[in-house]
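Given next are the chains, with one letter for each unit.
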Amino acid sequence: AAGAEEPGMEAEAQELPLGCGAGGGSPAAGRSPEGDDRREPPPASVSNGGDEDGGRELVELKVIWNKNKYDVKFCLDSTGAELKQKIHSLTGLPPAMQKVMFKGLLPEEKTLREIKVTNGAKIMVVGSTINDVLAVNTPKEAAQQEVKAEENKKEPLCRQKQHRKVLDKGKPDDVMPSVKGVQERLPTVPLSGMYNKSGGKVRLTFKLEQDQLWIGTKERTEKLPMGSIKNVVSEPIEGHEDYHMMAFQLGPTEASYYWVYWVPTQYVDAIKDTVLGKWQYF
């Protein structure tokens, strides 16, 4: 029965300039209109231009999650934790599963005013609902079947001719140091010191606020929306297991893999989670 009520609550959440005094998506947002009328004058009598709610300043946000965009009005003096509750009411994504980004990870204890959120600010949300997690989060099944077929081939990728000609050049002179047996978050600087399949130098820059991956070479920089990357494949390099070769699938088939060599092993999982939009606890 609880599931049946949700669409109605969502509709209500989107029509009202919620946020101030109601703790975002907290149960207070669902108070009966009669109760509101008894406690305060109807909104029509407020004549301050509609940008404020009961004298509290609202800010307009664009919340982006899972390729969906939500226009939200929210109180500037509400905290990051209250914004997570609001995002929960919009998306069904529990606050504990949310990774909310605004110029880096959004601090839960600070107000939006303190972290200088302005009108029109983009708030990126990464995370999977419980249902997605239970479904093993495989919206990209076709891509994954392709990967399984690739993995079932007897010969490791790094022995195949097309990869050997790059790997035989050895490590790039400016390769990044690797740390075995550790998973690290993405560094704040671009990942550099790697080769692409033509043996040219390549660097990866993760622009989280724009939800883009930038693949840069000496000649040009490709700016790819994360959502356009169908899958990410990786395999340790034989004899140098602290580095991986990795491919980003940019189209429907294996022919569209963009290969990158000498990725430090500690960043492999973070790259996959960031690009494919999966949330992982560190």
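Being a predicted model, the structure only gives us computed values, none of them experimental. (Residues numbered from 1 in each chain as written. Predicted model: local features only at pLDDT ≥ 70, side-chain atom pairs only at ≥ 80, totals over all residues. Heavy atoms only, no water.)

Each helix and strand counted, the protein chain has 7 helices and 12 strands in total. Counting over 282 residues, the protein chain shows a buried share of 40%. A sequence separation of at least 24 residues applies to 55% of the contacts in the protein chain between residues at least 6 apart. For the protein chain, the accessible area works out to roughly 15900 Å², and carbon and sulfur atoms hold 51% of it. (Helix = DSSP H or I, 4+ residues; strand = E, 2+ residues; numbered from the N terminus. Buried < 20%, exposed > 50% of the residue type's maximum accessible area, 1.4 Å probe, protein only. Contact = heavy atoms within 4.5 Å. Areas by Shrake-Rupley, 256 points an atom, 1.4 Å probe, with all protein chains shown as cover.)

So, on to the pairing of strand E6 (residues 191–196). Burial within E6 is extensive, with 5 of its 6 residues counted as buried. Both E6 and strand E7 (residues 201–207) contribute to a ladder of 3 bridges, which runs antiparallel. Within E7, the residue paired with tyrosine 195 across the bridge is lysine 201. What sits between the antiparallel neighbours E6 and E7 is a turn of 4 residues, in which glycine 199 has the positive phi angle 85°. Pairing between E6 and strand E12 (residues 257–264): 2 bridges, direction antiparallel. Directly across from tyrosine 195, in E12, lies its bridge partner tyrosine 261. (Pairing = 2+ DSSP bridges.)

Turning our eyes to something else, we now look at the packing of aromatic side chains. Following the criterion strictly, the structure yields 3 aromatic pairs and no others. Pairing tyrosine 243 with tryptophan 262 gives two aromatic rings, centres 5.7 Å apart and planes at 65°, and the pair type is edge-to-face. Of this pair, tyrosine 243 sits in strand E11 (residues 240–249) while tryptophan 262 sits in strand E12; the two residues are 19 residues apart in sequence, bridging distant segments of the chain. Here tyrosine 243 and tryptophan 262 have matching classes, each one buried. Pairing tyrosine 257 with tryptophan 259 gives two aromatic rings, centres 6.0 Å apart and planes at 75°, and the pair type is edge-to-face. Residues tyrosine 257 and tryptophan 259 agree in their burial class; the two are buried. Clustering of aromatic rings is evident, with ring pairs tying together Tyr257, Trp259 and Tyr261. Above the plane of the ring of tyrosine 195 lies lysine 169, whose end atom (NZ or CZ) is 4.4 Å from the centre. (Phe/Tyr/Trp six-rings, centres within 6.5 Å; stacked < 30°, edge-to-face > 60°. Lys NZ or Arg CZ within 6 Å of the ring centre and 35° of its normal.)

Moving on, we get to the sheet that holds E12. Here we have 7 strands laid out as an open sheet, ordered E9-E8-E7-E6-E12-E11-E10, and antiparallel in their pairing. The sheet is open, and its two edges are formed by strand E9 (221–225) and strand E10 (231–237), each paired on a single side. With direction set aside, neighbouring strand axes in the sheet form an average angle of 30°. In this sheet, E9 lies alongside strand E8 (residues 212–216) in antiparallel orientation, the contact comprising 5 bridges. Paired with glycine 216 across the bridge in E9 is threonine 221. Running at roughly 170° to E10, helix H7 (residues 268–276) makes contact with E6, E7, E10, E11 and E12 of the sheet. (Axes fitted to C-alpha atoms, helices over the stretch in contact; angles between N-to-C directions.)

Okay, H7 next. Burial analysis of H7 places 7 of its 9 residues in the buried class, the great majority of the element. Those residues of H7 that sit buried are Val268, Ala270, Ile271, Asp273, Thr274, Val275 and Leu276. Packed against the buried residues of H7 are E6, E7, E10, E11 and E12.

The pLDDT averaged across the protein chain works out to 77; a share of 68% of its residues lies at or above 70. A low-confidence stretch, residues 8–17 stays under pLDDT 50, and its non-local contacts, those more than four residues away or across chains, total 12 contacts. Taken together, the stretch residues 22–33 has pLDDT below 50 and engages in 18 contacts with residues farther than four places along the chain or on a different chain. (pLDDT = per-residue confidence, 0-100.)

To continue, consider the pairing of strand E2 (residues 56–65). Where E2 and strand E3 (residues 68–75) come together, 8 bridges link them in antiparallel fashion. Pairing of tryptophan 65 across the sheet is with asparagine 68, part of E3. Where E2 folds back onto E3 in an antiparallel hairpin, the turn is made up of 2 residues, including asparagine 66, whose phi is positive at roughly 55°. Here E2 pairs with strand E5 (residues 121–126) via 5 bridges, running parallel. By the bridge assignment for E5, lysine 62 is matched with lysine 122.

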